[in-house]
Amino acid sequence: MTTATPVTPDGAERTAPPRRGASHLLAWLGLAPFLAYVLLFLALPTVLALASGLFDSDGAFTLDNVAALGDPVILTTFWSSTWLSLLTAVVGAVLGALVCYAMLGLSETGPMRTAVDAAAGVFAQFGGVMLAFAFIATIGLQGVVTQLLTGAGIDIFADGPWIYELPGLILPYVFFQIPLMVITFMPALSALKPQWAEANLTLGGMRASFWTRVGIPVLAPSFLACTLLLFANAFSSYATAAALASQGSQIVPLQIRTALTSETVLGRENLAGALALGMIVVVGVVMWLYSLVQRRAARWQG
Amino acid sequence: MTPLPRTRHLLAGTAAVVATAIALTGCATDTPASGDAGKAATATSVADFGTFADLEAAAKAEGALNVIALPRDWANYGEIIDAFKAKYPEITVNESSPDISSAEEIQAAKTNEGLDTAPDVFDIGLTVALQNTDVFAPYTVQTWDDIPDALKESTGLFVGDYGGYMSIGYDSSKYPEPKTLEDLLGADYKSAVAINGDPTQAGAAFAAVGLADVQSGGDLDDFQPGIDFFSELNKAGNMLKLDVTSATIASGETPVVFDWDYLNATHVADNPDWKVRVFPGTGYAGYYNQAINKDAPHPAAARLWQEFLFSDEGQNLWLAGGARPARMEAMIAAGTIDADAAAALPEAPDTVVVPTEEQSTKAGTLLGEKWAAAVQ
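Residues numbered from 1 in each chain as written. Chains lettered and ligands numbered in written order. Predicted model: local features only at pLDDT ≥ 70, side-chain atom pairs only at ≥ 80, totals over all residues. Heavy atoms only, no water.

Caption draft 1: Structural detail: the domain arrangement of chain B. Residues and elements named next belong to chain B. Structurally, chain B comprises domain 1 (26–162 + 290–346) and domain 2 (164–285 + 352–375). The centre of domain 1, based on its C-alpha atoms, is set 29 Å off from the matching centre of domain 2. On the domain 2 side, the residues contacting the twelve residues of domain 1 number ten residues. Counting every contact that joins domain 1 to domain 2 gives one salt bridge. The partner of Arg 324 in a salt bridge is Asp 261, with the nearest N and O atoms 3.1 Å apart. Taken together, the links from domain 1 to domain 2 amount to two residue pairs in polar contact (both at pLDDT 80 or more). With three residues, helix 5 (residues 126–131) is the single largest residue contributor to the side of domain 1 that touches domain 2. A breakdown of the residues in the side of domain 1 that touches domain 2 according to their chemical character gives six nonpolar, four polar and two charged. (Domains from an automatic or database assignment. Contact = heavy atoms within 4.5 Å. Salt bridge = Lys/Arg side-chain N within 4 Å of Asp/Glu carboxyl O. Polar contact = N/O pair within 3.5 Å; in protein donor to acceptor, adjacent residues only side chain to side chain. Helix = DSSP H or I, 4+ residues; strand = E, 2+ residues; numbered from the N terminus. Nonpolar A, V, L, I, M, F, W, Y, C, P; charged D, E, K, R; others polar.)

Caption draft 2: Focus on a negative patch on the surface. Judged by side-chain charge, Glu182(B), Asp183(B), Asp188(B), Asp219(B), Asp221(B), Asp222(B), Asp228(B), Glu232(B) and Glu358(B) come together as a negatively charged surface patch. Looking at the element boundaries, Asp183(B) is found in the loop between strand 5 (159–171) and strand 6 (193–195). (Patch = residues over 30% accessible without salt bridge, like charges linked within 9 Å, V, L, I, M, F, W, Y side chains within 5 Å. Areas by Shrake-Rupley, 256 points an atom, 1.4 Å probe, with all protein chains shown as cover. Lys, Arg positive; Asp, Glu negative; His and termini not counted. Charge placed at Lys NZ, Arg CZ, Asp CG, Glu CD.)

Caption draft 3: Structural detail: the nonpolar core. Grouped together as the largest cluster of nonpolar side chains are 84 residues, with contacts concentrated most on Leu184(B), Phe230(B), Phe258(B) and Trp305(B). It is helix 6 (residues 203–215) of chain B that contributes the most residues to this core, nine residues altogether. Formed jointly, this core draws a minimum of three residues from each of two domains, domain 1 (26–162 + 290–346) and domain 2 (164–285 + 352–375) of chain B. In contact with Leu184(B), other than residues within four places in its own chain, are Ile168(B), Pro178(B), Tyr189(B), Val193(B), Phe229(B), Leu233(B), Asn238(B), Val256(B) and Phe258(B). Counting residues in hydrophobic clusters, the runner-up holds 43 residues, among them Ile74(A), Trp211(A), Leu275(A) and Met279(A). (Core = buried A, V, L, I, M, F, W, Y, C linked by side-chain atoms within 4.5 Å. Buried < 20%, exposed > 50% of the residue type's maximum accessible area, 1.4 Å probe, protein only.)

Quick look at the structure:
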């Protein structure tokens, strides 16, 4: 479902200053598996996508595929992907943050908190065909909830079966965005020091002033960073949409599938590379913003 | 007597297409010298093995057959594979990726080249077949002469094996029978009409637009009237954009479906009230083709599989699945056809069309530009 790796906001851990000799070498050796991983699963696919997007099927250099990104159909697709990701990221971030806030009052080791943490971990990964099926079974045309509502005289599909179109993707996406927000934002919220609240009280502040002067300014960078992560998560999601909406390939990952697998419009495999390139650029920008914001957030943690 | 369907219609339409195919690929192959009879990979007929028993022995010695993209509920493939397994228990049939597209089959052959896991045989749409003849090995089955010329590439690089007409399947317990295409735009079919796939991806869905096109008075040179029909269907709130599977039919999620008649026919198993309707007037036909991977890891088994598919037994199994097999005419003449299964096929349309490769390409380009916006 997701290619984004949940990142724990940290920055507290600074590596010890490098020592010379054997331990230095050991440190590099220890890093080697990670480097290999990054090369194989991040750098190599990026290079391949770049390469296939810049060449035609005969292997000659061409800018046609990249130029095809300006095609109105493709532009619409990128726009659909962007607003869908943005909308679900913001909704997921706000709702997820509220859940985190509610959990603050619970004991960190208590059963409720543990249960919510575990559930968030599971639901953040509950995507793809399973999730699509769950939605079809509950609010599909013949779904349980749909039938109950129809019985009560409410027809949620009066304007047509939107559940299998772009708007129908919002609900399933929000479904996995909220728990991902809980996982990634909770550590930042937990890092709010009780001493700050005490200092606020000592200085004559109120509960409201704690949030407006301390809490929100401190949390804002983390919140923004998590929202960006959610955006990237939604932007790269594929399987849920593939199982729900079969017509028109309205988001970029589906458009890539069409270019790669179509048996009616042949010879567009390299367009998939150009599309992937477009996605890499968008996600690259988002990740760059993320690191900027995260650097600010790191100041307050530790 | 004609309780049997008129396959001639179907063939007449296909003839033009394969004529192009032959023109394109006519010079692609030479028959290998007759000396290397033992080499299964270059065998172009049973004669290159010696006898049919020699072919069977060679295939059994290989012990495996890799098939790809054969959904068990597609044109009776489940039963066909099981019958092959029962007949040749010595050969393990490895079924991989049943739901991928024709284009992906070719990719699978290329990415697995030289490996044991590469597909031995392909089941592909005509557009993909025409563009990938360099991946195929020529082979003529024993029943070659029975196969109408219109369906086969002259050296046997690929051969049409089963086909049918684009049709409407519907749940007769909840929806009235659509008499014409226009009926589907009516209020009776609210949120009900689905296509099996996206026309810019899947051959069957492409054919659905083709049928809408010719039924709305358009011709195959311009698919726009077909696209317009689905655009209207979408505006009427009748179009469903969910992918059709046996599960969505069984649950009633996709109650009215554009698909090949033989695929729609199989849904009776999921819903006893399921009926298939082929509109009168101009019909839209299509055949799927068999081909052998020229780098097949099990070349003898691949050839034996072809022999099986084009045997009376294989052809009747397709017929039992509601598809029209390539040798149907000859088998009717020879009396080897399964007459009950043949009589159960839906009535054929008055005239039948099949797009040429050029028309296909043009329609594909048009769909690429217009489809997404038309059904948004």
